[in-house]
Protein chains: 2
Amino acid sequence: MNLSIAEENHIKSIYKLQEGDAVVTTNALAYELDTKPASVTDMAKKLKEKKLIEYEKYKGITLSADGRKAALQIVRRHRLWECFLVDKLSFSWEEVHELAEELEHVRSEKLTNRLSEFLGNPVIDPHGDPIPDANGKLAKPRPQTSLDQANAKRLVVTAVSDQSTALLAFLNAKGIKLGTQLEIVAHYEYDNSIEIKVKGQPAITISEQVAKNIMVRPV
Amino acid sequence: MNLSIAEENHIKSIYKLQEGDAVVTTNALAYELDTKPASVTDMAKKLKEKKLIEYEKYKGITLSADGRKAALQIVRRHRLWECFLVDKLSFSWEEVHELAEELEHVRSEKLTNRLSEFLGNPVIDPHGDPIPDANGKLAKPRPQTSLDQANAKRLVVTAVSDQSTALLAFLNAKGIKLGTQLEIVAHYEYDNSIEIKVKGQPAITISEQVAKNIMVRPV
DNA sequence: TTTATTATTTAGATTTGTCTAAATAATATT
DNA sequence: AATATTATTTAGACAAATCTAAATAATAAA
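Counting restarts for each chain, with residues numbered from 1 along the sequence as it is written. All chains are assigned letters beginning with A, and all ligands numbers beginning with 1, in the order in which they are written. Totals for whole chains, interfaces and linings use every residue, but because this is a predicted model, local features are given only for residues with pLDDT of at least 70 and side-chain atom pairs only at 80 or more, for both listing and counting. As a rule here, side-chain values come from all non-hydrogen atoms in the structure, and water together with hydrogens is ignored.

Peer 1: Provide a residue-level description of helix H6 (residues 109-118) of chain B, including the pertinent values.
Peer 2: Throughout this description, buried means an accessible area under 20% of the type-specific maximum (1.4 Å probe, protein chains only), exposed means over 50%, and partly exposed covers the range between. For helices the rule is a DSSP run of H or I covering at least 4 residues; for strands it is a run of E covering at least 2, with both sets numbered from the N terminus onward. Among the residues of H6 of chain B, Leu111, Thr112, Leu115 and Ser116 of chain B are the ones counted as buried. Burial along H6 of chain B is one-sided: seen end-on, the buried residues are contained in an arc of 130°. Seen from the open side of H6 of chain B, the exposed residues pointing more than 90 degrees away from its buried face are Glu109 and Glu117 of chain B. Against the buried residues of H6 of chain B lie helix H4 (65-88) and helix H5 (96-103) of chain A together with helix H4 (65-88) of chain B. In the stretch just after H6 of chain B, Gly120 of chain B is the one whose phi turns positive, near 85°. Note that the arc is computed from the directions linking the helix axis to the C-beta atoms. Contact definition: two residues touch when any of their heavy atoms are within 4.5 Å.

Structure follows, in structure tokens:
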């Protein structure tokens, strides 16, 4: 199956929005892809034709088995390139997404597998997201919650769920990155803020809004 | 200037065919790009509009200063990726061209420069072709001739000018690659063949046709 | 220098991926 | 349940990159 870049991007976004089982809505997909609902409908017809999605008019979209397989390949390539950019070319955390967005479309299994090997077959990418293996198998993610819902006091940052440049840059400025250890000092209900302390730095206060996007696990 | 992949491919091929100064012909460019002359004419109009080429109806094509600059950027990216694939991912000589053909279209100066640095700022690629630096400057290639015109008896392979998969695979099978040292045993005029001996291997006979595409310098 | 051949361009069509505006279906509200 | 709102699809258009077939220009041959 030879997919165009546009097709790959749609498959990837459907995968992202589906989160397990949920049906993906035309509007949501259009928003995610920064395009128009009418365009999504067009593409849905094509992808249904290719048997990559299940789709009935007005009923939303889900990936077929083949579609899921394709999506995992794309995600694998994306996350491996992110590893490469961060580990080997010293890009920072928040810079790599856009570049990986382009590199992921070089569809060569041999290249992908050699790259993986070169990187030491990593199982999570710089954002903490798991990397599918050559068969599309995902390592089960370690138990993690968003920072605003964490119980434990001592935590490690494992991922950032919102990949907006703004947030990533903000965190970077605060000295927070993947693997950063932090402590919850206090959680103020009355103004929805959380006071945290990053190892070796003065305590800072962040909003629950931001904390929602920071994934952590107990250390 | 934001170029599409199709535009970049045209610019690159014009650069390749131009070889210094020569005017590039519509037909030659169509052949090189595996497309039709009519399509080349269409693209020529567009590239002229963008001031990347000089072009007058029926008069052929040459790169403008801007066009040459763009071409060198593309060539730089192509050759750096080839280095990466061979040096870091252990691809063989003849496998890398097609992959680099895709990777070269990721247009990020930062990525390109980081990649170069990561590779130790190489000045020639695995085919022996010089890599333009960040300013588009080409290291002057060392004195080399094609194997069929070599005077010296002991030679090193520095490049292969025809990058067809068939030829590269053929050479690989014969144990000839970049840096291979060989000796000319005899040059038979009457059947246009050359007998050569690769270090540590029995002598073999190749046609002048093939020898024309193997670049060598005296060792 | 005519004529034949080859090279190049034009005209018009096609495919892919997108869009806007209008029509229709699904859902929510009164 | 009738109506209003929102979501989705259809119809028709457009731009990019390509193609084929026909027309025209340049070059080679007679």
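Alright, that's what it looks like, and here's the rest.
Peer 1: So, the protein's contact with DNA strand D: which residues are in play, and what are the values?
Peer 2: When we say a residue is near a molecule or strand, we mean one of its heavy atoms is within 4 Å of it. DNA strand D sits among 21 residues. The nearest are Tyr55 and Lys57 of chain A together with Ser4, Ser39 and Lys46 of chain B. Among atoms of DNA strand D positioned within 4 Å of the protein, sugar and phosphate together represent 76%. Pairs of N or O atoms within 3.5 Å make up the polar contacts considered here, provided that, within protein, one atom can donate a hydrogen while the other can accept it, and that residues adjacent in sequence are counted only when both atoms are side-chain atoms. Within the contact set of DNA strand D, a phosphate oxygen lies 2.6 Å away from a side-chain nitrogen or oxygen of Thr25 of chain A. At 2.4 Å, a side-chain N or O of Ser39 of chain B approaches a phosphate oxygen of DNA strand D.

Peer 1: Summarise the packing of H4 of chain A against helix H6 (residues 109-118) of chain A; cite the residues concerned and give the values.
Peer 2: All names here are of chain A. Where H4 contacts H6, the two axes come as close as 10 Å, and the packing angle between them is 40°. Between H4 and H6, the crossing angle belongs to the class labelled oblique. In the packing of H4 onto H6, the handedness of the crossing is left-handed. Contacts between H4 and H6 involve Arg76, Arg77, Leu80, Trp81, Phe84 and Lys88 from the former and Leu111, Thr112, Asn113, Leu115, Ser116 and Phe118 from the latter. For the contact of H4 with H6, the residue count by class is 6 nonpolar, 3 polar and 3 charged. A fitted line through C-alpha atoms represents every axis, and for helices the fit uses only the stretch in contact; the resulting angles, taken between N-to-C directions, go from 0 to 180 degrees. For classification purposes, angles smaller than 35 degrees are called roughly parallel, those larger than 145 roughly antiparallel, those between 65 and 115 roughly perpendicular, and all remaining angles oblique. By convention, the crossing between two helices is left-handed when the near helix turns anticlockwise from the far helix through less than a right angle, and right-handed when the turn is clockwise. For this classification, Asp, Glu, Lys and Arg are treated as charged, while Ala, Val, Leu, Ile, Met, Phe, Trp, Tyr, Cys and Pro are nonpolar and the rest, including Gly, are polar.

Peer 1: So what's going on with the relation of the copies chain A and chain B? Which residues, and what values?
Peer 2: The copies were overlaid with a least-squares fit restricted to C-alpha atoms from residues scoring a pLDDT of at least 70 in each copy. Placing chain A over chain B gives an RMSD of 0.3 Å and needs a rotation angle of 180°, together with 0.0 Å of translation along the axis. Between the two chains, the operation in question is that of a two-fold axis. Across chain A, the smallest distance between a C-alpha and the rotation axis is recorded for Leu103 of chain A, namely 3.6 Å.

Peer 1: Explain the pattern of salt bridges to me, and be specific about the residues and the numbers.
Peer 2: Between side chains of opposite charge, a pair can form as their charged atoms come close. A side-chain nitrogen of Lys or Arg and a carboxyl oxygen of Asp or Glu constitute a salt bridge if their distance falls within 4 Å. Scanning the model with the defined rule gives 20 salt bridges over all chains in all. For Glu104 of chain B, the salt bridge goes to Lys12 of chain B, with nearest N and O atoms at 2.8 Å. Taken together, the positions of Glu104 of chain B in the loop between helix H5 (96-103) and H6 and Lys12 of chain B in helix H1 (residues 5-18) put the pair 92 residues apart, joining distant regions of the chain. By relative accessible area, which is 0% here, Glu104 of chain B ends up buried. Lys12 of chain B sits in the buried class, given a relative accessible area of 12%. Among the charged side chains, a salt-bridge network with shared partners connects Glu7, Lys46 and Lys50 of chain A.

Peer 1: Would you mind going over the UniProt feature "domain: HTH dtxR-type" (unreviewed entry) in chain A in detail, with residue names and values included?
Peer 2: UniProt positions are given in the numbering used here, feature names are shortened, and annotations may be inferred rather than shown by experiment. According to UniProt, the positions carrying the feature "domain: HTH dtxR-type" (unreviewed entry) are residues 1-64 of chain A. Helix makes up 53% of residues 1-64 of chain A and strand 9%, whereas the separation of the span's terminal C-alpha atoms amounts to 14 Å.

Peer 1: Give a description of the nonpolar core that names residues and reports values.
Peer 2: Definition of nonpolar core: a set of buried residues of the types Ala, Val, Leu, Ile, Met, Phe, Trp, Tyr and Cys, connected through side-chain atoms within 4.5 Å. Of all hydrophobic cores here, the largest spans 32 residues; its most connected members are Trp81, Phe84 and Leu85 of chain A together with Trp81, Phe84 and Leu85 of chain B. Elements represented by at least two residues in this core include exactly H4, H5 and H6 of chain A together with H4, H5 and H6 of chain B. Contacts of Leu85 of chain A, omitting those with residues within four sequence positions, involve Ser90, Phe91, Val96, Leu99, Ala100 and Leu103 of chain A together with Leu111 of chain B.

Peer 1: Account for the pairing of strand E6 (residues 193-198) of chain A, with residues named and values stated.
Peer 2: All names here are of chain A. In terms of burial, E6 is a largely internal element, 5 of the 6 residues being buried. Of the pairings in the sheet, the one linking strand E5 (residues 181-188) to E6 comprises 6 bridges and is antiparallel in character. Pairing of His187 across the sheet is with Ile194, part of E6. Pairs of strands are assigned from DSSP output, requiring at least two bridges between the strands. Counting the residues between successive antiparallel strands, the hairpin from E5 to E6 contains 4 residues, one of them, Asn192, with a positive phi of roughly 50°. Sheet analysis places E6 next to strand E7 (residues 204-207), joined by 4 bridges and oriented antiparallel.

Peer 1: Go over the side chain of His78 of chain A with me, naming the residues and quoting the values.
Peer 2: Residue and element names in this part refer to chain A. In this structure, His78 sits in helix H4. Judged by relative accessible area, which is 7%, His78 ranks as buried. Of note is the side chain of His78, whose polar atom sits 2.7 Å from the side chain of Glu104. For His78, the residues in contact, after removing those within four places along its chain, are Lys12, His97, Ala100, Glu101 and Glu104.

Peer 1: Give me the lowdown on H5 of chain B, citing residues and values where you can.
Peer 2: Two residues of an α-helix separated by three or four positions point the same way, owing to the 3.6 residues in each turn. Those residues of H5 of chain B that sit buried are Val96, Leu99, Ala100 and Leu103 of chain B. Down the axis of H5 of chain B, the buried side of the element spans an arc of 100°, and every buried residue falls inside it. In this structure, the buried side of H5 of chain B is in contact with H4, H5 and H6 of chain A together with H4 of chain B.

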